[in-house]
Amino acid sequence: MDKANDILIIDDDRDLVHSMRIVLETKPYTIRTAYNGKEGYQRIEEKIPDLVILDVMMATDTEGFDLAYRLRNQERYRDIPILMLTSFTQKMTETGADKFQHIMGEEWPVNKFLEKPIDPDVLLKTVEELLRGE
Amino acid sequence: MNLAKELVAQQIFFRRELSERVGWLVGVRWIAVVTALCSAWVLRLCHFDLPMTTVTGVIAVMTGYNILFAIIVRQLKRISQDRQVPFQICAHAQFISDLTALGALIYLTGGFYSPLTLFVLFPIILACILLDPIYAYIYAGTCVIGIGVLGYLQTTGIITPHSGLFAHGIFHSAHTTRENAMLFIVLATACLMTAYLVTTIKRSLRAKGHTLLLFCKELDAANTKLTALYDMVKQMAFCADYQELMDSATQNTARIMGVKACSIKLLDEQRQTLRFASNYGLSQNYLAKGDIDISKSPINQGILQGAFYTIGNIEAQDYFQYPENVRQEGFSSMICLPLKVEKRVLGVFCVYSQARFNFSDADVDFFALISELTALAMQNLKSELNKSWFLQRAAHQLRSPLNAVDSMLKVLRKAYAGPLNDQQSDMLAQCERRIEGLSLTIQDLLKLGIKRADTAPPELRQISLAPLLAQLSAVYQTQAKQKEVHLAISLESGLPAVLGEEKLLDDLYTNLLSNAIKYTPAGHEVRVTLSREDAQRLCLRITDTGIGIPQDQLSRLFTEFFRAENAKAHTDQGTGLGLTIAKEAMDRLRGTLLIESREGEGTRVTCYFPVAG
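Remember, it's a predicted structure, so these values are computed and weren't measured experimentally.

Novice: Please clarify how the overall build of chain B should be interpreted in this entry.
Specialist: Broken down by element type, chain B carries 16 helices and 13 strands. Here chain B holds 613 residues, and 30% of them are scored as buried. Long-range contacts, defined as pairs at least 24 residues apart, comprise 65% of the intrachain contacts of chain B with a sequence gap of at least 6.

Novice: Hey, could you run me through the pairing of strand β1 (residues 5-10) of chain A in this one?
Specialist: Two faces belong to every sheet, and in a regular strand the side chains alternate between them. Residues and elements named next belong to chain A. In this structure, β1 lies alongside strand β2 (residues 29-34), joined through six bridges in parallel fashion. Bridging across to β2, Ile 7 finds its partner in Ile 31. Inspection of the sheet shows β1 paired to strand β3 (residues 51-55) by four bridges, in the parallel sense. Looking at β3, one finds that Ile 7 is bridged to Leu 51.

Novice: What am I meant to see in the sheet that holds strand β12 (residues 592-598) of chain B here?
Specialist: What holds strands together in a sheet is hydrogen bonding between their backbones, with the strands either parallel or antiparallel. All names here are of chain B. Strand order in the open sheet formed by five strands is β8-β10-β11-β13-β12, and the pairing between neighbours is mixed. Each having just a single partner strand, β8 (486-491) and β12 make up the two edges of the open sheet. Taken over all neighbouring pairs, the strand axes of this sheet differ in orientation by 10° on average, direction set aside. Taken together, the eight bridges between strand β11 (residues 537-544) and strand β13 (residues 602-610) define a ladder with antiparallel strand orientation. Across the sheet, residue Leu 538 finds its bridge partner in β13, namely Phe 609. Helix-sheet contacts for helix α13 (residues 465-483) involve β8, β10 (525-532), β11 and β13, and the interaxial angle to β8 is about 170°. Relative to the sheet, helix α14 (residues 502-518) contacts β8, β10, β11 and β13, its axis offset from that of β11 by approximately 25°.

Novice: I would appreciate a short explanation of the pairing of strand β6 (residues 344-353) of chain B in the present structure.
Specialist: Residues and elements named next belong to chain B. Judged by how many residues are buried, β6 sits mostly within the fold: eight of 10 residues are covered. Summarising the sheet, strand β1 (residues 261-267) and β6 pair through six bridges and their orientation is antiparallel. Of the residues in β6, the one forming a bridge with Cys 262 is Val 351. As paired strands, strand β5 (residues 333-341) and β6 are joined by nine bridges and run antiparallel to one another. Its bridge partner being in β6, Met 334 is matched across the sheet by Tyr 352.

Novice: Help me out: how do you make sense of the nonpolar core in this one?
Specialist: The nonpolar side chains of a soluble globular protein tend to be buried with one another. All names here are of chain B. Counting residues in hydrophobic clusters, the biggest one holds 43 residues, and the most contacted among them are Met 334, Ile 335, Cys 336, Cys 350 and Val 351. In contact with Val 351, other than residues within four places in its own chain, are Thr 253, Ala 254, Met 257, Val 259, Cys 262, Met 334, Ile 335 and Phe 367. The next biggest cluster of nonpolar side chains, apart from the first, holds 41 residues, and it includes Val 22, Cys 128, Ala 140 and Leu 150.

Novice: Hey, could you run me through helix α6 (residues 177-237) of chain B in this one?
Specialist: Along an α-helix, residues three or four apart share an orientation, since each turn contains 3.6 residues. With 61 residues, α6(B) extends 89 Å from end C-alpha to end C-alpha; this agrees with the ideal 90 Å at 1.5 Å per step. Of all the positions in α6(B), only Leu187(B), Cys191(B), Ala195(B), Val198(B), Thr199(B), Met232(B) and Met236(B) are classed as buried.

Novice: When you look at the sheet that holds strand β4 (residues 309-311) of chain B in this model, what are you seeing that I'm missing?
Specialist: All names here are of chain B. Taken in spatial order, the six strands of this open sheet run β3-β2-β1-β6-β5-β4, and their pairing is antiparallel. Each edge of the open sheet carries a strand with a single partner, namely β3 (292-293) and β4. As paired elements, β4 and β5 share three bridges and run antiparallel to each other. Paired with Thr 310 across the two strands is Ile 335, which belongs to β5. Together, β1, β2 (273-280) and β6 form the strand contacts of helix α7 (residues 242-257), whose direction differs from that of β2 by roughly 65°.

Novice: Even after reading the chapter, I still don't get the interface of chain B and chain A, so can you show me in this structure?
Specialist: Put simply, an interface is often sized by how much accessible area is lost when its parts join up. In this assembly, 12 residues from chain B lie in contact with 14 residues from chain A. Of the residues contributing to the side of chain B that touches chain A, the split by class is five nonpolar, three polar and four charged.

Novice: Help me understand the packing of helix α1 (residues 14-24) of chain A against helix α5 (residues 120-131) of chain A, please; the structure alone is not making it clear to me.
Specialist: Helices that pack against each other are described as a pair by the angle of their axes relative to one another and the distance between those axes. Residues and elements named next belong to chain A. As a packed pair, α1 and α5 sit with axes 10 Å apart at the nearest point and diverge in direction by 65°. If you check the angle between α1 and α5, you find them roughly perpendicular. Between α1 and α5 lies a crossing of right-handed hand. On the side of α1, the interface is formed by Met 20, Val 23 and Leu 24, while α5 contributes Pro 120, Leu 123, Leu 124 and Val 127.

Novice: Explanation requested: the environment of Thr176(B) in the structure shown.
Specialist: If you trace the backbone, Thr176(B) turns up in the loop between α5 (133-155) and α6. Spatially, the C-alpha atom of Thr176(B) lies 8.8 Å from that of Thr155(B), the residues being 21 residues apart in sequence.

About the cut-offs
Residues numbered from 1 in each chain as written. Chains lettered and ligands numbered in written order. Predicted model: local features only at pLDDT ≥ 70, side-chain atom pairs only at ≥ 80, totals over all residues. Helix = DSSP H or I, 4+ residues; strand = E, 2+ residues; numbered from the N terminus. Buried ≥ 20, exposed ≤ 12 C-beta atoms within 10 Å, placed from the backbone. Contact = placed C-beta atoms within 7 Å. Pairing = 2+ DSSP bridges. Axes fitted to C-alpha atoms, helices over the stretch in contact; angles between N-to-C directions. Core = buried A, V, L, I, M, F, W, Y, C linked by C-beta atoms within 7 Å. Expected span 1.5 Å × (residues − 1). Nonpolar A, V, L, I, M, F, W, Y, C, P; charged D, E, K, R; others polar. Parallel < 35°, antiparallel > 145°, perpendicular 65-115°, else oblique. Left-handed = near helix turned anticlockwise from the far one by under 90°.

Right, here's the structure in full:
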């Protein structure tokens, strides 16, 4: 890889951000971090990252989704791949589909979900796939 | 239309009396025939002078026509139970035949002076009961005339009835015209007074019958309504969200009240507009008018202040913000009530009818009852939802740090933060397992809270308890040792399998055992025994010599989040959910959980498991 891929991690859990940084830095990635949606958006405005890792539920239940939608609705940011971290994908698929539909519109504004707790091997594999554009 | 139906139904009800009695008359006549025949022979044996041949002839004729009537009545009953005319004709035919036969017998037993003349009262009484009063009077009048004519003809000597029987009888001495006239007046009065009295009494009885019938029908209607209301409340209790609940309420209310439409409008937070939250039978057009501005709707203002509105004739009132919509919908009367819990008004509940003045006071009262129950169901659902929201929130709060810890442990164990030796790696793997266990418990908690309504039975299979419990106990040996609590476990081997599910058994046992260790001070003992109780049950006992539970708090042990005072004082760790989970697990395992305790002495928990098969 000629240049290091720029990955932005947005999560309010600093410990989790720290451990993800440790894992991802074993590869030639540049890691930037933000601890809430607003800060994350600022980082994106500063420089468009190659990948955003985004926590679904920060200060509010939908802060992650709000940011994802905001990005998807802007030409400039539309194509940034988003990996969404969640502790309730299973619940969403079980019961939440319609509950979240009003936020979602017709499609999920993210490329992939990753369920917490995060397995570092799976994290690396998923990140690689997304960066390759899969 | 309803009234006409009602009248017909009532008439049919009272007509039954005629159709039943017509058959009964035939039966009574058989008794009369037999009695007449016997009497004639007895008189004959007592040497009374009786024209036996003629009397027997009359009785034979009676027998003949009675057979005929028996056949006719049977046919009538088969063809037309509810048509009155054929039965009336049959009754008339019977009365006429009887009076004729009786006339003949009177003639043969002394004519005007025969005591049998009194028997004319019987047909008169029956006519009063079974026929319209006018016919009763006609029969009474005919009898009076008949007796009068007979008396006249007999006293003037134009006819000479057979007088052998009562030659010296009670009536025979009356010879003078004055006395004959007296006799006639007495008999005539008896006939007419009987007709009058019986007819009057019958009329009053029938009026009371009508009233009773009406009461019966009202009771029946009320019973039907209440049963429907009961079903409605039951249905509402199972609703999982507001919309479902309100839709069920409006639909059922319209059905129970027998009206065209029903709606629930809810107040917004600012309490300024009413929004159609649920409706049944209202057109899209009517709903399209949108929210109702309370300041422009005097009727809704009134209702929100607690008033009940019953409008009998909508055309005549000027109550509505959108009167033309109400007219288009074809509504003529309506009831609107506040939907409220205690003093808090949630919205407005209405029923609409196309008929004018469709609602009675009883309807309003009944609708108020429906409204009250609906509001209660809504309130109940709200607290259920709050509880479940709280549990979801709590579970998330618990799970977030766990997920972070778990993620970090994985990073460590997979050596992303530097190499580990085998022992470190094993310990980290053990940590992960424990964290996963805890995470699962939290998930269960969430399930316990949210899916309590889930009534699907667990899939139970045959499980051998002793090995499972031994495995589950391993962790607690370490914990007990750290606390210096002596943990003695004695699991009888070779016991039959029980019907169970591993997760549920885990929930049950680990909660009970960890409680026992937690609330037992150092130096004390926790004893676990598994044995056979009887042919059908295994018994698991967990006995400790710990702090025990105060008597007055025993009954609240299975309440969520409840912790006994001394438990709270003993340690601040504990959610108060452990026993709830254990109890519900036990319920799902179809076993029995008993807790006996004495404060300061210890606790004994007994679980009975049904043996498989």
